[in-house]
Structure formats: structure tokens, C-alpha cells
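# Inside the fold
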Amino acid sequence: MGGFGSAVIEALAELGSAVPVVRIGWPDNFIEHGKVDDLRAKYGLTVDEAQTHVMPLLIRRQHPTLVAS
């Protein structure tokens, strides 16, 4: 809450931009210590997970008549 993604969305809104933003980040609570790669996998912060969230938006922007599932 109130992280970098929120700042980006606020800045885009002030510019009047309608660019979609997908906020991906650590949960707003205590994160245990561990290997960074393991923690990223646990909390869905991998490249594959990011693509899972971003690709439907990109497809909709290229093909607005398609409904992504």
C-alpha cells in the first residue's frame, strides 16, 4: 500500500494518461528471510508470474475486441 506502483498510477493520472498499470510487489506484511529467488517464487515475483499478469493487458490493447480469459 502506498508503494511505487501507487506513485506511478498517481503520476499517470495527473498526466491524464490511460495507460494500464499492473502492480506486482511484496505483500504489505512481514517477509521472512531466505534466498531471494525462493522468496520471489513464493510471492509470485518471477518473470513468468509478471508475464501472466501483463500479457492479457497487452493482448487487449492490441486487439480490443478480444476477451482475454
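Conventions used here
- Residues numbered from 1 in each chain as written.
- Predicted model: local features only at pLDDT ≥ 70, side-chain atom pairs only at ≥ 80, totals over all residues.
- Heavy atoms only, no water.
- Helix = DSSP H or I, 4+ residues; strand = E, 2+ residues; numbered from the N terminus.
- Buried < 20%, exposed > 50% of the residue type's maximum accessible area, 1.4 Å probe, protein only.
- Contact = heavy atoms within 4.5 Å.
- Areas by Shrake-Rupley, 256 points an atom, 1.4 Å probe, with all protein chains shown as cover.
- Patch = residues over 30% accessible without salt bridge, like charges linked within 9 Å, V, L, I, M, F, W, Y side chains within 5 Å.
- Salt bridge = Lys/Arg side-chain N within 4 Å of Asp/Glu carboxyl O.
- pLDDT = per-residue confidence, 0-100.

The next thing to look at is the overall build of the protein chain. Counting secondary structure elements, the protein chain contains 3 helices and 0 strands. Secondary structure elements of the protein chain occur, N-terminal to C-terminal, as α-α-α. Classification of the 69 residues of the protein chain by burial places 4% in the buried group. At a minimum sequence separation of 6, the contacts of the protein chain that also span at least 24 residues come to 26%. Summing over all exposed atoms, the protein chain offers an accessible surface of approximately 5,800 Å²; the carbon and sulfur share of this is 58%.

Attention now goes to a nonpolar patch on the surface. A cluster of nonpolar side chains, namely Met55, Leu58 and Ile59, defines an oily patch on the protein surface of about 240 Å² accessible area. Examined against the element boundaries, Leu58 turns out to sit in helix H3 (residues 47–62). On the basis of relative accessible area, Leu58 is assigned to the partly exposed category, the value being 42%.

A few words now on the confidence of the model for the protein chain. Here the protein chain averages 85 in pLDDT, while 91% of its residues score no lower than 70. At the level of individual helices and strands, the protein chain shows its lowest average pLDDT in H3, which scores 86, and its highest in helix H2 (residues 36–42), which scores 94.

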